[in-house]
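Single-letter residue listing:
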Amino acid sequence: MSQYDYDLFVIGGGSGGVRTARMAASFGARVAICEDMRLGGTCVMRGCVPKKLLVYGSHFHEDMEDAQAYGWDIDAKSAKLDWPSLIAKKDVELSRLEIVYRNLLLNAGVALIEGRGSLVDGHTVKVDGQEITAERIVIATGGWPTTPDVPGIEHVITSNEALDLKALPERMVIVGGGYIAVEFAGIFNACGVSVSEIIRAPNILRGFDEDVRDHLRQEMEKKGINILSDTVIESIEKIDSGYNVHLQGGDVLPTDLVMYATGRKPKTDGIGLENADIKLNDKAAIIVNEWFQTSNPSVYALGDVTDKVNLTPVALAEGMILAHTLFNDTPSVMDYENIPSAVFSQPPIGSVGLSEQDAAKRGEIDVYVSRFKPMKSTLSGRSDQSLMKLIVERASDKVIGLHVVGPDSAEIAQGFAVAMKAGATKAQFDTTIGIHPTAAEELVTMRQKRAEPV
């Protein structure tokens, strides 16, 4: 009989933690998991899922306007969004998903312990005063929004609160230029809010391909989002009519609501890592080896708490690999190459592989770029433009970067990610027959290389 209560104890009931727990249990391990918030974690409860529901909801005004151009007798100008109703319906769906996650665990035979877990040592977890032992422990506590030390920061909201607003403001300032900031700027702008986005850098989406960054910014500004570059906030002042955002240089921006989306940090505080001698890096992320093992050999970590590739499907894949390695005698390591990703901005972005800038550091490349009006916009008269871009390694002819900005870009990128994972070449792209008329066919019909910069 084992000297431990469980073979595996998982701290954190988000996507990565739940996947690890239920897969390990399916292989015969005795597993328990603890969570002090709602099951599902950031993605299901405070991120991807509710955010995309709001993206859908916010976009219907444009859809109704477009419907008029296609002959539908709709008075789009008089249409009004019932924001509280949208939030309520979103909450109903989240409650359904929480039940799904709970049932996944229970049906797999995982013991669910509701409460905050912290390490006592490398084999012991304390949950609300109860000490539980396990041969191995997995930390999957995820990440959490951070805000800087700015006077008046107590008045702001983060993405957590933005998903639960009781009413829409007339004016809103969103601080930050990352994917969370541009996604919420798109949501609130499409819902009729006057949005200003403030960024310290010259452009949005640092780390993304430069053409993608420029193109999305142009499209966002067409929709009326006011993007203020190279701008620093000195303080936030509460006034009777809302807030005054004081900018470096003396300008003041009045608004009804301020949202900060300036970053997230691994959720490593207060979980007893010091008791098990778990080492962190300079960003407070747990350091792990290729097997997800921490500096304590009986403790593992995965997902956003390790700050590797902070995407839900990555945490799911890591959890699957760890469970197979530990309990199914099939050890393997995670492949972080060619991970597809999406930004649900308006218009959305789908990307796989390297940006042009990163690809150029590896060797000679060829670049193919196409910009065109989406077919749906031809009758509606919108000035929207889509962007498609391929980056090809010249020596091997492999497609090493694919970037799409425009309708259905995430769906397009997901399909092409399979080809890129298999090592597809530009020649193979070229010999693939396109589906006409679609936007995606552009990616298999681009023949003209972009001229190299002088």
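Reference entry: report on the structure contained in this document.

Cut-offs used in this document
Residues numbered from 1 in each chain as written. Predicted model: local features only at pLDDT ≥ 70, side-chain atom pairs only at ≥ 80, totals over all residues. Heavy atoms only, no water. 1 Å grid on protein atoms, 1.4 Å probe; cavity = no way out; pocket = protein on both sides within 12 Å on 5 of 7 lines; lining within 4 Å. Points joined across faces, edges and corners; volume = space filled by probe spheres on them. Helix = DSSP H or I, 4+ residues; strand = E, 2+ residues; numbered from the N terminus. Nonpolar A, V, L, I, M, F, W, Y, C, P; charged D, E, K, R; others polar. Pairing = 2+ DSSP bridges. Axes fitted to C-alpha atoms, helices over the stretch in contact; angles between N-to-C directions. Buried < 20%, exposed > 50% of the residue type's maximum accessible area, 1.4 Å probe, protein only. Contact = heavy atoms within 4.5 Å. Left-handed = near helix turned anticlockwise from the far one by under 90°. Parallel < 35°, antiparallel > 145°, perpendicular 65-115°, else oblique.

### Quick notes on the layout of surface pockets
Where empty space is left becomes clear once a probe the size of a water molecule has been rolled over the atoms.
Item 1. Estimated volume of the second largest pocket: approximately 990 Å³.
Item 2. His59, Pro348, Gly406, Pro407 and Asp408 are, among the 40 residues lining the second largest pocket, the residues nearest its centre.
Item 3. Contributing elements (two or more residues each) for the lining of the second largest pocket: helix H3 (48–69), strand E20 (386–393), strand E21 (399–405) and helix H11 (409–421).
Item 4. Counting residues per element, the lining of the second largest pocket draws most heavily on H3, which supplies 8 residues.
Item 5. The class makeup of the residues in the lining of the second largest pocket is 17 nonpolar, 9 polar and 14 charged.

### What about the sheet that holds strand E12 (residues 242–247)?
Item 1. Spatial ordering of the open sheet is given by E11-E12-E13, a layout of 3 strands whose pairing is antiparallel. Only two strands of the sheet have a single neighbouring strand rather than two, namely strand E11 (233–239) and strand E13 (252–255). Each strand axis lies, on average, 20° off the axis of its neighbour in the sheet, ignoring direction.
Item 2. Bridging between E11 and E12 involves 6 bridges; their strand directions are antiparallel. Opposite Glu237, over in E12, you have Asn244 as the bridge partner.

### Some remarks on the side chain of Lys51
Item 1. With respect to the helices, strands and loops of the structure, Lys51 is situated in helix H3.
Item 2. On the basis of relative accessible area, Lys51 is assigned to the buried category, the value being 9%.
Item 3. Once residues within four sequence positions are removed from consideration, Lys51 is found in contact with Leu163, Glu183, Ile187 and Phe344.

### Some remarks on the packing of H3 against helix H4 (residues 83–108)
Item 1. Closest axis-to-axis distance for the H3/H4 pair is 10 Å, and the angle between their directions is 145°. Both H3 and H4 take part in a crossing whose hand is right-handed. Residue-level contacts link Val49, Pro50, Leu53, Leu54 and Gly57 of H3 to Trp83, Leu86, Ile87, Lys90, Glu93, Leu94 and Leu97 of H4.
Item 2. The residue makeup of the contact of H3 with H4, split by class, is 9 nonpolar, 1 polar and 2 charged.

### Quick look at the packing of helix H1 (residues 15–26) against helix H8 (residues 312–327)
Item 1. Between H1 and H8, whose axes approach to 8 Å, the crossing angle comes to 25°. Judged by the inter-axis angle, H1 sits roughly parallel to H8. Here H1 runs over H8; the crossing is right-handed. Contacts between H1 and H8 involve Ser15, Gly16, Arg19, Thr20, Met23 and Ala24 from the first element and Thr312, Ala315, Leu316, Gly319, Met320, Leu322, Ala323, His324 and Phe327 from the second.
Item 2. Of the residues belonging to the contact of H1 with H8, the class tally is 8 nonpolar, 6 polar and 1 charged.

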